[in-house]
Amino acid sequence: MGPLRQRQRLIDACISALHIHGPSRTTVAKVVGFAKMSPGIVRFYFDSKAAMLVASLQHLATEFEEQVLVPVAKLKATPVAALRLMVDLFLDPDIASPRKVSVWYAFWGEASSRQEYYDICGQKDESFAILVHELIAALIDESRLTQLDADGIALGLIGALEILWQDIAFQAERDIDRPAAKRRCMAFLNSVFPGRFDLDVAAGSTIGGAPTVPNAPASAPGALPAWTYDDAGIFAMERESLFHGAWAVVGHESQIPHAGDFLTVDVGVERVLVTRDASGRVHALRNSCPESPHALQVERTGRFEQTISCKRHGLQFSLAGVHTAGAGRADLQALDLRSVGGLLFVRAPPAHGVATAHASAEPDAWFDTPPPAGLMMLGAPLEICVAADWKILIEQWLEASPVSSAVESSPFASSRVGFDSLVWDERVVREGWSAARYRRLVACLPEVSWRRRFIAPNQLIETRPDGLSVLQVLPVAAGRSCVRRLDYSVMPPDDSARATLYLARRLGPYVRNSTLALAESLQQGLVEFGYEAAGERVAPALAWFHRLVAGRVPALLIERSSRAR
Ligand code: FES
């Protein structure tokens, strides 16, 4: 192990020792104990214990500057996006772990007697306060709210963040609700700058033809920085700000025709159980026992006799999720449900009193014509795990779409842009055996154009003469995802329906092996080799997608050196 890494290992161990013992009771022996290194090694890197403590504090200060102040300062031109990013980063587990925050306070506690501590802690706080003040002042200017006092508001925000840090210092990571902490800061800012920090904007509003995504940067990045395709922090922010509260297709009513029928689906941020009760009403429930969060049903489909029962302790719930055991027991969590022409959309309800993580149109707004009647599921859902970040697959889809800024001019495609959806027509004009064979097989069906709807953040619905398919890319982890395909047909479930579906799949690029292999190669190139995408030409649909995700997760705009492994 090189000297730099040994020195860093001692610093990390020192921070761990400071977290447990505080500056005065931290000894060299305790530090090398944490570092699993021999005591003598310290003097090669630090003249004294005091020097090692100062170096550890300096490390925290440098990290705070590089990972909070620098990236936020880069967004000064868009104060709302900068303030959102600042809150995200200030409360990020990498910066604000209980270990690191408690050490900051420990050093502040001794700063009155140690000038170096006072200088370093003071410098960090002062730089932060100056940046917050600058952003608030810029936002007051931009919003022309001249009656507001930048100093007072900045102090308010810093105070709120400091209180949240104090909470974090005395908690275990598993007990910290970071999304709620971020929402509280957004609620503070939103109460001073109404409408600038919540996302309830009118559907379809645009700036120069491109969709308005609140707080989105004016210029869409050509490609997102490579590190954002393989980062646990970004992955957590995306789940919170893009997937929580988003409508997801979970199936079709034709899959649960009878009372008691159910289906289960994992949509990445939620495990869903959909049931049909005796009155024929369909319910969407969280597939988790309220007593302990295991999945109540692991089968994809089936039929309940009368109730849903938990196999662990036998608790019973009605098909609407109401427990049958009398007072004091919790019901199953009900989820929001919409049926559009039988297609079932589900989303987790926003936490009590909290606006949804993001505004999303109602599912029926995505359909100018409802899905065809008589759809039946054809075959089991197709699920393929891909060693690539979900964004890479979506970018591939959108890059291949004919959506162009000059939307109506293209003879082959027409498209429409909403604030969270893109719709385009795709005529099967291609030559070739598959297209010709497909047209012959559907010749008996009503003429319907191939229409594709991309619904942010991760779904594509394709309607065709033979039926409808739903494609989803589920984020599994940073740099890993799962592509799911649900196929429904209006044709009787026989060989020709299956042949038609086979051809329809061939005519779409989405789940081809070559497409998925390309995605994995892209992931490797970006993350493992640190290659950056140099191309400047960005497909309009891709620019639209980058604006949308960067508007909700501003941290996606931070340039960092991609980690060469
Ligand atoms: S875990 Fe479900 S009833 Fe106990």
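In case you missed it, the structure is sitting above this.
Each chain has its residues counted from 1, running along the sequence as written. For this predicted model, a pLDDT threshold of at least 70 governs which residues receive local features, and a threshold of 80 or more governs which side-chain atom pairs are given and counted, while totals over whole chains, interfaces and linings are taken from all residues. By convention in this description, side-chain values take in all heavy atoms of the structure and omit both hydrogens and water.

It is worth spelling out the overall build of the chain at this point. A run of H or I in DSSP becomes a helix once it reaches four residues, and a run of E becomes a strand once it reaches two; helices and strands are each numbered from the N terminus. Helix and strand counts for the chain come out as 14 helices and 19 strands. The proportion of buried residues among the 565 residues of the chain is 52%. Total accessible area on the chain is roughly 25,000 Å²; 55% of this is exposed by carbon and sulfur atoms. Type-normalised accessible area, obtained with a 1.4 Å probe on protein chains alone, sets the label of each residue: buried when under 20%, exposed when over 50%, and partly exposed for intermediate values. Under the convention used here, a 1.4 Å probe and the Shrake-Rupley method define accessible areas, while residue burial counts only the protein chains that appear.

This paragraph deals with the pairing of strand β4 (residues 261–266). Side-chain positions along a regular strand alternate between the two faces of the sheet. Most of β4 is tucked away, with 5 of its 6 residues classed as buried. When DSSP finds two or more bridges between a pair of strands, those strands are recorded as paired. Both β4 and strand β7 (residues 301–303) contribute to a ladder of 3 bridges, which runs antiparallel. In the strand pairing of β7, F262 is matched with G302. Sheet topology places β4 next to strand β5 (residues 271–276); 5 bridges connect them, and they run antiparallel. Pairing of T264 across the sheet is with L273, part of β5. Counted along the chain from β4 to the antiparallel partner β5, the turn is 4 residues long, and its residue G268 has a positive phi close to 95 degrees.

Before going further, it helps to spend a moment on the sheet that holds β5. Two strands in a sheet stick together by hydrogen bonds in their backbones, pointing the same way (parallel) or opposite ways (antiparallel). One open sheet accounts for 4 strands, arranged β6-β5-β4-β7; its pairing is antiparallel. Looking at which strands have only one partner, the edges of the open sheet turn out to be β6 (282–286) and β7. Averaged over neighbouring strand pairs, the angle between their axes works out to 25 degrees when direction is ignored. All axes here are fitted lines through C-alpha atoms, helices being fitted over the stretch that makes contact, and every angle between N-to-C directions spans 0 to 180 degrees.

Residue placement: T26 occurs in the loop between α1 (3–25) and α2 (28–35). With a relative accessible area of 0%, T26 lands in the buried category. Remark: the alpha-carbon pair of T26 and S16, spanning 10 residues in sequence, is separated by 9.7 Å. Here, residues are in contact when the closest pair of their heavy atoms is within 4.5 Å. Ignoring sequence-local partners within four residues, the contact set of T26 consists of A17, L18, H21, V31, K49 and L53.

Our next topic: helix α11 (residues 433–441). What α11 keeps buried is the set S434, A435, Y438 and L441. The buried residues of α11 occupy one face: seen down the axis, they fall within an arc of 130 degrees. Along α11, the residues that are exposed and aim more than 90 degrees away from the buried face are W433 and R440. Think of the arc as the fan of directions from the helix axis to the C-beta atoms.

Here we come to the state of the cysteines. For this text, the term disulfide refers to a pair of cysteine sulfurs within 2.5 Å. Counted under the stated rule, the structure contains 0 disulfides. Between C482, a free cysteine, and C385, which holds the nearest cysteine sulfur, the sulfur-to-sulfur gap is 4.6 Å.

Our focus in this paragraph is the nonpolar core. Remark: nonpolar core denotes a set of buried residues (Ala, Val, Leu, Ile, Met, Phe, Trp, Tyr, Cys) joined through side-chain atoms within 4.5 Å. Membership of the largest hydrophobic core comes to 115 residues, with the highest contact counts inside it found for L91, I136, W165 and F454. Tallying contributions element by element places helix α3 (residues 49–73) first for this core, with 11 residues. Ignoring any residue separated from it by four or fewer positions in sequence, one finds W165 in contact with F64, F90, L91, I95, A96, V101, W104, Y105 and K124. Listed in part, the 15 residues of the second largest apolar core include V340, L343, A361 and F367.

Bringing the sheet that holds strand β11 (residues 343–347) into the picture now. In space, the 3 strands of this open sheet follow the order β3-β11-β10, with antiparallel pairing throughout. Edge positions in the sheet fall to β3 (248–252) and β10 (336–340), since each has one partner strand and no second. Going from strand to strand, the sheet's axes swing by 30 degrees on average, the running direction of each strand aside. With 4 bridges connecting them, β3 and β11 associate as antiparallel partners. Across the sheet, the residue bridging to H252 is L343, located in β11.

Turning our eyes to something else, we now look at the packing of aromatic side chains. For this analysis, a ring pair means two rings from Phe, Tyr or Trp (six-membered ring only for Trp) whose centres lie within 6.5 Å, classed as stacked if their planes differ by under 30 degrees, edge-to-face if by over 60, and tilted for the remaining angles. On inspection of all chains with the given rule, the structure shows 16 aromatic pairs. Residues W390 and F545 carry aromatic rings whose centres are separated by 5.9 Å and whose planes lie at 85 degrees to one another, so their mutual orientation is edge-to-face. Of this pair, W390 sits in helix α10 (residues 390–399) while F545 is found in helix α14 (residues 540–552), placing the two residues 155 residues apart along the sequence. Each member of the pair, W390 as well as F545, carries the same accessibility label: buried. Cluster of aromatic residues (ring-pair linked, three or more members): F243, W390, F454, W544 and F545.

Bringing helix α4 (residues 79–90) into the picture now. Here a helix's expected span is defined as the number of its residues, less one, multiplied by 1.5 Å. Across its 12 residues, α4 extends 16 Å between first and last C-alpha, which sits within 8% of the 16 Å expected from 1.5 Å per residue. Taking burial as the measure, the 12 residues of α4 include 12 buried ones, the bulk of the element. Within α4, burial applies to P79, V80, A81, A82, L83, R84, L85, M86, V87, D88, L89 and F90. Packed against the buried residues of α4 are α3, α6 (115–143), α7 (150–169), α8 (178–192), α9 (232–243) and α14.

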